[in-house]
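Examination of the molecular architecture
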Amino acid sequence: MIFFSFCLFLFLFALVGSLSILKKKNTSIDYLLANQEVKPWLAAISAIATSNSGYMFIGQIGFTYVYGLQSIWLMFGLIFGDLVSSLFVHKNLRKKSQELKVVSFANLVSKWHGKNYKYVQLFGGVIILIFLSTYAAAQLNAGSKSMHILFGLDYRLGAIIGGIIVLLYCFSGGIRASIWTDAAQSFVMLIAMFLMVFFGVNELGGFSSFINQLHKVSPDYMKWFPSTNFSEFHLAPYMFIIGWFFSGIGVIGQPHVMVRFMAIDDTKNIPKTRIYYYTWYTLFYSLTILAAFVARLLIPDTNNIDPELALPSLALNLLPEFFVGIVLAGIFAATMSTADSQILACTASITNDLLLNKKNNYLINKLVTLIVTVFVVTIALNDNKNVFNLVLMSWSTLACCFSPLLIINSLKQKVSEFLSLMMMVIPLITLLLWRYYELNEFIYEVAPGIVSGILTFFVFKLFRTQHIQ
């Protein structure tokens with residue numbers, strides 16, 4: 001029954017995406033930006049699903065399962081950082097994408113000031129292609145491993161199925177198909193998470209008993225702040241929070257997420273989109289943490305559970321088999337809908353940034369999508385364990401390379417092509433050095449990366465002012 005409902009709902013998710021063929025137009029702007037006519041609520045839910053679904057279902061639940069209440073600071077940091085950057089970036093991003101008539105993220109950044117910064121576009125396109133293709137491979141890798149562990153299917157089969165679904169979405173309606181599927185998967189998973197929390201708390205004897213049992217897990221499990229090797233410094237907990245705050249800011253550097261805001265139907269709807277986005281984000285994140293707490297109590301770590309499989313394990317313990325299949329289909333669909341967004345972003349980078357294609361051809365975009373998908377599936381089939389380590393590296397690199405430039409541009413500061421490049425290259429070098437010297441335990445690498453990019457702007461401006469004087 002689990003496998004049947006899994007297949008049924010995976011088919012339904014794919015069908016939702018495929019129905020976008022009814023609205024598609026055979027143009028590049030429709031394929032890559034849904035003709036900039038996406039409704040605010042749909043763009044908001046899709047952006048959250050694309051940015052966080054795999055992270056929420058696997059990473060966040062696993063982290064909370066192991067470390068407890070301190071994981072709430074990841075939620076506060078990410079959401080608050082995301083909110084702060086959205087206040088002055090999202091509206092400008094949508095406005096500029098329409099004014100400049102661009103469909104790729106790197107092209108938007110390179111033409112922000114009305115000039116064509118060709119080297120910024122090329123460098124940005126290379127960064128997006130390298131790191132988003134790796135990121136997409138990791139999504140397919142995660143989905144295929146889940147199918148292998150839960151159903152005993154051949155490992156390679158999951159990646160191939162994922163690749164086929166991605167092509168189905170993309171060829172049916174491009175980014176619109178991905179957005180529609182995101183929404184369907186998000187609603188299903190929100191309801192499923194709520195049911196698991198509700199029935200789990202009831203099984204544990206009610207909310208008061210639930211809280212009391214959490215305090216008994218370990219002396220540190222329900223502490224607000226983490227203990228680190230830097231605990232002798234009073235600033236250590238705050239550095240932990242600040243690091244995740246900058247991670248939230250770094251969302252504006254993720255092309256596959258920000259394309260949702262570029263695709264909104266009207267610049268005036270950005271404030272409305274923001275309300276939908278952060279309401280859904282907070283609700284979804286809160287349920288994720290509660291579900292992890294329920295899993296920790298109902299499936300103790302003495303069972304040798306893999307923390308990253310806590311959600312499907314909890315579903316198996318709490319829900320009827322039919323609903324377990326729905327949860328598993330939702331998780332698998334989440335990895336696929338994120339992967340296809342990343343593949344489409346890679347497509348836009350190749351056709352618009354690397355090829356510098358002035359006549360953006362719809363059929364060329366589709367051909368490149370096919371080539372990128374085959375490439376991504378090939379990486380996933382290699383079962384390279386380092387791919388998962390590269391996920392964090394990919395996300396951090398995109399955040400550091402694009403966020404400082406977007407922030408400064410949105411504040412209406414003039415930036416030359418050389419300075420724009422330096423504001424991308426210096427954060428990348430900072431990130432690599434931070435990882436090389438293993439300083440992430442002090443503060444997460446995105447923080448020094450973004451700060452170094454913004455400081456680069458002020459140092460160059462100061463030097464130029466003094467030179468003129």
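Residues numbered from 1 in each chain as written. Predicted model: local features only at pLDDT ≥ 70, side-chain atom pairs only at ≥ 80, totals over all residues. Heavy atoms only, no water.

Our focus in this paragraph is the overall build of the chain. Scanning the chain from N- to C-terminus turns up 18 helices and zero strands. Taken against the 2.2 N^0.38 rule, which gives 23 Å for 469 residues, the C-alpha radius of gyration of the chain at 22 Å falls within 12% of a compact globule. The principal-axis extent of the C-alpha atoms belonging to the chain is close to 70 × 60 × 40 Å. With 469 residues in all, the chain has 58% of them scored as buried. Sequence separation of at least 24 residues holds for 82% of the intrachain contacts in the chain that already meet a minimum separation of 6. Element-wise, carbon and sulfur atoms account for 67% of the exposed surface of the chain, whose accessible area totals about 19,700 Å². (Helix = DSSP H or I, 4+ residues; strand = E, 2+ residues; numbered from the N terminus. Rg over C-alpha atoms; globule rule 2.2 N^0.38 Å. Buried < 20%, exposed > 50% of the residue type's maximum accessible area, 1.4 Å probe, protein only. Contact = heavy atoms within 4.5 Å. Areas by Shrake-Rupley, 256 points an atom, 1.4 Å probe, with all protein chains shown as cover.)

Following both chains from N to C, one finds helix α8 (residues 175-203) and helix α14 (residues 321-354) inclined at 150°, their axes separated by 9 Å at the closest point. Taken together, the axis directions place α8 and α14 in an arrangement best described as roughly antiparallel. When the axes of α8 and α14 are compared, the crossing they make is left-handed. For the pair α8 and α14, the contacting residues are Ile175, Ser178, Asp182, Gln185, Val188, Met189, Ala192 and Met196 in the first and Ile326, Val327, Gly330, Ile331, Ala333, Ala334, Ser337, Asp340, Ser341 and Leu344 in the second. The class makeup of the residues in the contact of α8 with α14 is 11 nonpolar, five polar and two charged. (Axes fitted to C-alpha atoms, helices over the stretch in contact; angles between N-to-C directions. Parallel < 35°, antiparallel > 145°, perpendicular 65-115°, else oblique. Left-handed = near helix turned anticlockwise from the far one by under 90°. Nonpolar A, V, L, I, M, F, W, Y, C, P; charged D, E, K, R; others polar.)

Turning our eyes to something else, we now look at α14. Since there are 3.6 residues in each turn of an α-helix, residues three or four apart along the chain are aligned in direction. Taking 1.5 Å as the rise per residue, α14 with 34 residues should run 50 Å; its terminal C-alpha atoms sit 48 Å apart, in good agreement. For α14, the tally of buried residues reaches 30 of 34 residues, placing the bulk of the element in the interior. (Expected span 1.5 Å × (residues − 1).)

Another point: the environment of Gly81. Its place among the elements puts Gly81 in helix α4 (residues 72-100). Here Gly81 falls in the buried class, since its relative accessible area comes to 0%. In this structure, the C-alpha to C-alpha distance between Gly81 and Tyr117, residues 36 residues apart in sequence, is 28 Å. With near-sequence residues (within four places) excluded, Gly81 lies in contact with Phe245, Gly248 and Ile249.

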